[in-house]
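The lines below spell out each chain.
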Amino acid sequence: MTAYEQKHTLLHVDNLSVVYDGKTIIKNISFEEKDTVVPGREQGQIIAFLGRSGRGKSTLFRTLTGLEAPTTGRVLIPDYSKTVHDGQQPAKMVEEGDVGFVNQKYTLFRHKTVEQALAFALRRSPLSATEKAEKINQYLADWGLEKVKMQYPNELSGGQRQRTAILEQLLNSGHYMVLDEPFSGLDIGNIDNVRKAFQLINRSSELSTVIFSTHDIELAVELADSIYIIGYPRENGSPGTSGTIIRHFDLKKMGLAWSEKLNSDHYDCIKEIRDIMLSS
Amino acid sequence: MKPATWFKPFETIDRGSRITILTIWIVMVGGFWVLASTGSKHLFPTPGQVCEGFISLFNEGLVVHIASSLALCFKATFFSLLISLLIAYASPLPFLKPLAVAMSRIRYLPLTGITFYLAILVSDARTMQVSVLMIFMSLYFITSLLAMLKDIPVEEIDHARSLKCSRWEVLWEVVIKGRIDYVIDMLRQNLAITWMMLVTVESILVAAGGLGVLIKNSDKFMNHGRIVALQLVILAVGLLLDAGLNALRKGFFRYSTF
Ligand SMILES: Nc1ncnc2c1ncn2[C@@H]1O[C@H](COP(=O)(O)OP(=O)(O)OP(=O)(O)O)[C@@H](O)[C@H]1O
Ligand SMILES: [Mg+2]
């Protein structure tokens, strides 16, 4: 079991709810994620959200990224533009653009080729033009997109669009990223690529935080150090109709995080998650 | 080639079948024309009469008239494009949205009402022609531009927002730059309306010439051959404009595959 410490808060979600046309989609969502510090290495955080279809994962993600204002509650992230005060990093409400977001449909600019899209993502970077081009070429090669760099989104396969969408956000937003079902529609090689990218981001900076949703429980247990399950809670015996967090697994505390290989404890955890999801 | 499959919905057919079907239709239309133009009470002029009509039109300076019509059409199109784009692109701003919506609704006003007010404002007949065409084209153009804006998925706007685009940048990248090909296609569709109205509008000012004047003159003399020849010329020029804009869109925007 890896020794670790929890430092300042990176994400604080407080009593979040979203109501569409009088219908409560998600409610009472509160959680907090802290900077995990492991001595001797840069250790980011990977947080997974699991839940059956229609329970509100995508809705939650839109509010987490500041793209949609919640009906009640708030999402707070550290404000690094301010100096530490009383040993605490001042917080701010999340705004659009603070957090990278890859949606479930792998949306891209329809009028930009893969290369142009990546260049656009880097437009505010302080790098020189040649450094930018080098960086883009490196990423294109690493992610197997070199051959399609001159192609438009409508000329790409689903997996290629997906990888372009992830790369754009990687280049643009630095360390805080939300991905809605980044593994759906990918082949085993692509899944490996994204998995490696997650680990790369995770080790690249202390503060990097990747939040993703998936329907693959095993993948979530393997990659994440914190798993939340969104489901309908039972109210007076019958299942409710608004999604909320019904269970949190802190894999760090359980000694299951950052393992090279899954062991029997992991599989017990996977089974427990499956049972909880089935009854929610 | 199996003619039985020609009557099966959603059937994909080979090239040979397509050409055969097209040939059959052309022969049928041609045959109908010949049949309809024979007999004592003929519906259409014979192909020979149309040919004569065409030659006489050509001798009267058909090319100059076409140029005059095109000039009017382009002038009106240019101004209406300018106005429509300005109003439509401003419509994402909540304060200016009602303006765009109102403009689009005005297309239900009858033509005569608008020309009446225009006549008070404008005394010069040529300006009148351009204004009438421009106003009508703009109303329809704004309508289709608004529909296009409404069809932009939220995900595309969100995608730009998540890449740290300011709202103005979103407007520029997603709506303006990202949809130029749509604008060209709408221009193409609306040009059909303008081209059709052109003939009517040109009769306001006979001295300026144009295809509308030619057709009006031929009308007076009940020269069927000439009228049909003119109709065909107008149709051909319209189709040429249509094809040109389509080629422009496909040529410049590889991703524009609709
Ligand atoms: N714009 C909207 N208006 C009304 N209801 C909506 C809207 N968007 C989503 N919903 C509803 O909110 C609920 C949650 O949707 P959401 O897309 O967040 O689910 P999800 O957990 O991401 O599902 P999936 O795993 O299938 O992607 C669904 O019941 C859906 O019908
Ligand atoms: Mg979803």
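Structural data are supplied above this passage.
Just so you know, these numbers come straight off a predicted model, no measurement behind them.

## Considering the layout of surface pockets
Residue and element names in this part refer to chain B.
Here is step 1: Volume-wise, the largest pocket comes out at about 670 Å³.
Here is step 2: Contributing to the lining of the largest pocket are 20 residues, with Ser91, Pro92, Leu93, Leu149 and Ile157 lying nearest its centre.
Here is step 3: Listing elements by their share of the lining of the largest pocket, those giving two or more residues are α4 (97–105), α6 (125–150), α7 (154–162) and α8 (167–176).
Here is step 4: Among the elements that take part in the lining of the largest pocket, α8 stands out by supplying five residues, more than any other.
Here is step 5: Considered class by class, the residues forming the lining of the largest pocket number 13 nonpolar, one polar and six charged.

## Observations regarding the coordination of the magnesium ion (ligand 2)
Residue and element names in this part refer to chain A.
Here is step 1: On the protein side, the magnesium ion (ligand 2) has Ser58 (OG) and Gln104 (OE1) as donor atoms, found 1.9 to 2.5 Å from it. Residue serine 58 is found in helix α1 (residues 57–64), and its partner glutamine 104 is found in the loop between β6 (100–102) and α2 (114–121); the two are separated by 46 residues along the sequence.
Here is step 2: Judged by relative accessible area, serine 58 falls into the partly exposed class, the value being 27%.
Here is step 3: On the basis of relative accessible area, glutamine 104 is assigned to the partly exposed category, the value being 36%.

## Digging into empty space enclosed by the protein
Here is step 1: Counted according to the given criterion, the structure contains two cavities of 30 Å³ or more.
Here is step 2: The volume enclosed by the largest cavity comes to roughly 60 Å³.
Here is step 3: Lining of the largest cavity is provided by Phe101, Val102, Asn103, Thr107, Ala165, Glu168 and Gln169 of chain A together with Glu155, Asp158, His159 and Ser162 of chain B.
Here is step 4: Listed by contribution, the elements that provide at least two residues to the lining of the largest cavity are β6 and α4 (158–173) of chain A together with α7 of chain B.

## Description of the sheet that holds β6 of chain A
All names here are of chain A.
Here is step 1: Read from one edge to the other, the open sheet built from six strands follows the order β6-β7-β8-β3-β9-β12, with strand pairing classed as mixed. The open sheet terminates on both sides in strands that have one partner only, identified here as β6 and β12 (244–250). Strand-to-strand twist across the sheet, computed as the mean angle between neighbouring axes with direction ignored, equals 15 degrees.
Here is step 2: Direction of pairing for strand β9 (residues 226–231) relative to β12: antiparallel, over a ladder of six bridges. Across the sheet, the residue bridging to isoleucine 227 is phenylalanine 249, located in β12.

Conventions used here
- Residues numbered from 1 in each chain as written.
- Chains lettered and ligands numbered in written order.
- Predicted model: local features only at pLDDT ≥ 70, side-chain atom pairs only at ≥ 80, totals over all residues.
- Heavy atoms only, no water.
- 1 Å grid on protein atoms, 1.4 Å probe; cavity = no way out; pocket = protein on both sides within 12 Å on 5 of 7 lines; lining within 4 Å.
- Points joined across faces, edges and corners; volume = space filled by probe spheres on them.
- Helix = DSSP H or I, 4+ residues; strand = E, 2+ residues; numbered from the N terminus.
- Nonpolar A, V, L, I, M, F, W, Y, C, P; charged D, E, K, R; others polar.
- Donors = N, O, S within 2.8 Å, 3.2 Å for Na, K, Ca; no water.
- Buried < 20%, exposed > 50% of the residue type's maximum accessible area, 1.4 Å probe, protein only.
- Pairing = 2+ DSSP bridges.
- Axes fitted to C-alpha atoms, helices over the stretch in contact; angles between N-to-C directions.

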